[in-house]
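# Coordinate inspection notes
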Amino acid sequence: MPPAAERVPWRWLAAGRASRRLVLVVVFVALLLDNMLLTVVVPIIPTFLYTTEYEGANSSVAAARTEPAPPALKAPPFSSMFSYFDNTTVTVSGSTSTMELANGMENSPLPQPPASSPPRMSSCLEGEEFLDKENVRVGLLFASKALVQLVVNPSVGLLTNRTGYHIPMFIGFVIMFVSTVMFAFSGTYTLLFIARALQGIGSSFSSVAGLGMLASVYTDDFERGNAMGIALGGLALGVLIGAPFGSVMYEFVGKSSPFLVLAFLALLDGALQLCILQPSKICPESTKGTPVVTLLRDPYILVAAGALCFSNMGVAMLEPTLPIWMMQTMCSPKWQLGMAFLPASISYLIGTNLFGILANKMGRWLCSLIGMAVVGISLLCVPLAKNIYGLIGPNGGLGFAIGMVDSSMMPIMGYLVDLRHTSVYGNVYAIADVAFCMGFAIGPSTGGAIVRAIGFPWLMIIIGVINIAYAPLCWYLRNPPAKEEKIAILSQECPMQTKSHTTQKTLRDFPLTDDSDVEAENAE
C-alpha cells in the first residue's frame, strides 16, 4: 500500500479530533443511549413484575390447591368395586356427584365459577391490591437511578475540573454498558434495582462531562444554544424511541431483547469515544472553577435549576404511575403502555430542536415561563383521558413544553457562569444535572405513594399547579446582572472578584494539543 494511502485514515482521525461537530456527535449519541435505557424499562418493569410475582404466586397457590385432587379421582374406581355388589354404598365413597348426574340433577355448584368472571373485561389485569402496592415499588425502582445520580454528580463535576471531560465520559460508557447487560439478565426486583442504580452512576458521568465538554468547545452564546439544542435532541430521541421500542420488543420478542440491542449500540459509542476523545489523555482545566457551594448561592442559577427540576418532575411522575393507571382503567395491552409516551417524545424532539434556535431570539426566560405554564396545563388534562387516544393531546403538549424549558435553561446555565463566575462548566452542569435528577428522584418515589393515598388524578393536579405557580419566577432570568453587580445581590459571606470578563474566548482546537497553551499565550 502506498505511504500516502496509509496516512489517509490518520489524517481523517486527526481532523476528527479537532472537529467540534464530531464532539457534538459523541455527546449526542451518549445522551441518546442513556435516555433510551432510561425509558425502555418504563413499559417493561410493571408488567414483568406483575407476571413474575403476582401471576407466579397465584399459579403456585393454584397448584397447591389442586394437589389433593388425584386421590379424589382414584376414589371412584375404589367405590365402583363396592357398587358391583351394592349400589347403595356409592354415596359413602364420595361419588355423589356422579350419582346426582346420573339421576339428572342440575343443582351442581360447578357451573357457578364461570358466571362470576364476566363482570371483569378479559383484557384487564386482576389483583387491584397488588397493582396499588406496585405503584410504590416501581416508583422507588425508577427513582433509584436519579437518587444515585444526585449523589454522584458533585463528585463528577470536581473530577472534570481535574482530569478534563474525556476520561469521565468514557467511564460513563463502561458503567452504562454493564448496567444494560445486567438489565437484560435480571429476573428479580432486587437485581433490577441494582441495575437501575448502576445506570445512575454511568448517566452522571456521561451527562455532566458531555454538557461541560460542549460548553467549553462552543464558547459563543448563540452557537452554544444551538449545540445544546442538538445535544438535547439526542436526549429527546432516546426518550422518543425508548418506551415504544421497549414495549414492542417485550411483547413480541422477549424481555432481554431491547437491552441486548442497547448494549450493542453502547459498544459502538465506546469505539467512537476511543477514536475521537482519546480518553487516556488527561486534560485538566487551566482555570480553577467556581466552587459548587458558591454557585448554589447564586439565586439566578437556583431559579434556572428549579425550572429544570419541576418541569421534568411531571413526566417523572407519569413514568411509573401512568402505565399502571392505564392497566386499571383502560385495560390496555402491553404494547400500549409504551406507545402512550410516544406523543410526548415526538413533541419533545420537535421542541428542543425548534427552540434551541428560537429561544435566543424571543428570550430564553420567556420560553421557559411559557413552557412551565403549558406543562402544568397538560398535566391537569391527563386524568381526563378515557382511552389511549385521549392521552395524545396532553402528552404531546407536555413533551413540547418540557422541550421549551430544557432547550432554554441548559444554555442559560452556561451563560450565567460566563456572566457572573469563572468560565469553567463542570460544576454548573453538575448542578443542572442534579436539578434534573431531583425531579426524577422525587417524582417517582413520591408519585407512587400519592397515587396509593389519594389517587392518580389528584397527583396530576398537585404537580400541575406547582408548575403553573413556579412559572413566573422565570421572569427574573430576563436580564441577570453582570459580574460587577454580583456583590450587591449575593451575601457578604461570598466575596468574588469584581473585574469583568467577556464571554467570547479564543477558539482552540479540540481536544487540546500540547502546544495549545503556548499558542494562546502568544495570541494574548
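Cut-offs and rules
Residue numbers restart at each chain and count upward from 1, following the sequence in its written direction. Totals for whole chains, interfaces and linings use every residue, but because this is a predicted model, local features are given only for residues with pLDDT of at least 70 and side-chain atom pairs only at 80 or more, for both listing and counting. Hydrogens and water are ignored here; the side-chain numbers use all heavy atoms of the structure. Grouping into patches uses exposed residues only, defined as over 30% relative accessible area, and leaves out salt-bridged ones; the cut-off is 9 Å for like charges and 5 Å for nonpolar side chains (Val, Leu, Ile, Met, Phe, Trp, Tyr). Here the open area of atoms and residues is found with the Shrake-Rupley method and a 1.4 Å probe, where only the protein chains shown may cover a residue. By definition, a salt bridge exists where a carboxyl oxygen of Asp or Glu is found within 4 Å of a side-chain nitrogen of Lys or Arg. Each helix is a run of DSSP H or I of at least 4 residues and each strand a run of E of at least 2, with the numbering of both proceeding from the N terminus. Only protein chains enter the area calculation, which uses a 1.4 Å probe; residues under 20% of their type maximum are buried, those over 50% are exposed, and those in between are partly exposed. Any two rings among Phe, Tyr and Trp, with Trp reduced to its six-membered ring, count as a pair given centres within 6.5 Å; such a pair is stacked if its planes are under 30 degrees apart, edge-to-face if over 60, and tilted if neither. In this analysis, the expected span of each helix is defined as 1.5 Å times one less than the number of residues it contains. Angles shown run from 0 to 180 degrees and are taken between the N-to-C directions of axes, each axis being a line fitted to C-alpha atoms and, for helices, limited to the stretch in contact. When the near helix sits turned anticlockwise from the far one by under a right angle, the crossing is termed left-handed; a clockwise turn instead gives a right-handed crossing. Residues were grouped as follows: Ala, Val, Leu, Ile, Met, Phe, Trp, Tyr, Cys and Pro as nonpolar; Asp, Glu, Lys and Arg as charged; and all remaining residues, including Gly, as polar. What is meant by a nonpolar core is a set of buried Ala, Val, Leu, Ile, Met, Phe, Trp, Tyr and Cys residues, joined one to another through side-chain atoms within 4.5 Å. Residue contacts follow a heavy-atom distance rule, with two residues in contact if any of their heavy atoms lie within 4.5 Å. pLDDT measures how confident the predictor is about each residue, on a scale from 0 to 100.

With that settled, the discussion passes to a nonpolar patch on the surface. A grouping of Ile377, Leu380, Ile454, Trp458, Ile461, Ile462, Val465, Ile466 and Ile468 is seen on the molecular surface, where their side chains present a nonpolar patch of about 740 Å² in accessible area. At the level of elements, helix 16 (364-381) and helix 19 (456-470) are the ones that each hand at least two residues to the nonpolar patch. Element by element, the count of residues in the nonpolar patch is highest for helix 19, at 6 residues. For Leu380, a relative accessible area of 33% translates into the label partly exposed.

Another point: the packing of aromatic side chains. Across all of its chains, the model carries 7 aromatic pairs by this definition. Ring plane angle 40° and centroid distance 6.3 Å describe the contact between Tyr189 and Phe193, whose orientation is recorded as tilted. Within this pair, Tyr189 and its partner Phe193 are both found in helix 9 (residues 189-217), separated by 4 residues, close to a single helical turn. Overall, Tyr189 belongs to the buried group, its relative accessible area being 17%.

Moving on: helix 17 (residues 392-420). With 29 residues, helix 17 ought to run about 42 Å at 1.5 Å a step, and its terminal C-alpha atoms sit 42 Å apart, in line with that. Of all 29 residues in helix 17, 24 are buried; the element is thus mostly enclosed.

The next thing to look at is the packing of helix 13 (residues 299-329) against helix 18 (residues 426-454). Running from N to C, helix 13 and helix 18 point in directions that differ by 35°, and their axes come no closer than 7 Å. When you trace helix 13 past helix 18, the crossing you get is right-handed. Its residues assigned to classes, the contact of helix 13 with helix 18 comprises 19 nonpolar, 7 polar and 1 charged.

Let's shift gears to the nonpolar core. Ranked by internal contacts, the top residues of the largest apolar core, which has 107 residues, are Leu318, Leu322, Met326, Met409 and Tyr429. With 17 residues, helix 13 is the largest single contributor of residues to this core. Aside from chain neighbours lying at most four places away, what touches Met409 is Ala304, Ala307, Leu308, Ser368, Cys474 and Leu477. Judged by nonpolar contacts, the second largest core, of 6 residues, contains Val156, Ile175, Val208 and Ala430.

Okay, the packing of helix 15 (residues 342-362) against helix 17 next. Remark: helix 15 packs on helix 17, axes separated minimally by 7 Å, with the N-to-C direction vectors making an angle of 30°. The way helix 15 lies across helix 17 gives a crossing that is right-handed. Residue-level inspection shows Pro343, Ala344, Ser347, Tyr348, Ile350, Gly351, Thr352, Leu354, Phe355, Gly356 and Ala359 of helix 15 in contact with helix 17, the latter providing Ile392, Asn395, Gly396, Gly399, Phe400, Ile402, Gly403, Met404, Asp406, Ser407 and Ser408. Its residues placed into classes, the contact of helix 15 with helix 17 shows 11 nonpolar, 10 polar and 1 charged.

Averaged over all residues, the pLDDT of the protein chain equals 75, while 70% of them reach at least 70. Note on residues 67-123: pLDDT is under 50 here. Beyond four places in sequence and across chains, it has 15 contacts. In the predicted structure, residues 485-510 sits below a pLDDT of 50 and forms 51 contacts with residues beyond four places in sequence or in another chain.

Within the element layout of this structure, Arg364 appears in helix 16. Residue classification places Arg364 among the buried residues on the basis of a relative accessible area of 9%. Excluding its chain neighbours within four sequence positions, the residues that come into contact with Arg364 are Asp221, Gly225, Ala359, Ser408, Pro411 and Ile412.

Attention shifts here to the environment of Tyr218. With respect to the element layout, Tyr218 can be found in the loop between helix 9 and helix 10 (221-252). For the pair formed by Tyr218 and Arg20, sequence separation is 198 residues and the distance between their alpha carbons is 7.8 Å. In this structure, Tyr218 is in contact with Arg20, Arg21, Leu24, Glu223, Arg224 and Ala227, ignoring residues within four places of it in sequence.

To continue, consider the environment of Leu379. Within the element layout of this structure, Leu379 appears in helix 16. Leu379 sits in the buried class, given a relative accessible area of 0%. Along the primary structure Leu379 and Leu318 are separated by 61 residues, whereas in three dimensions their C-alpha atoms are 9.2 Å apart. If we skip the residues at most four places from it in the chain, Leu379 touches Gly314, Leu318, Leu398, Met460, Ile463, Gly464 and Asn467.

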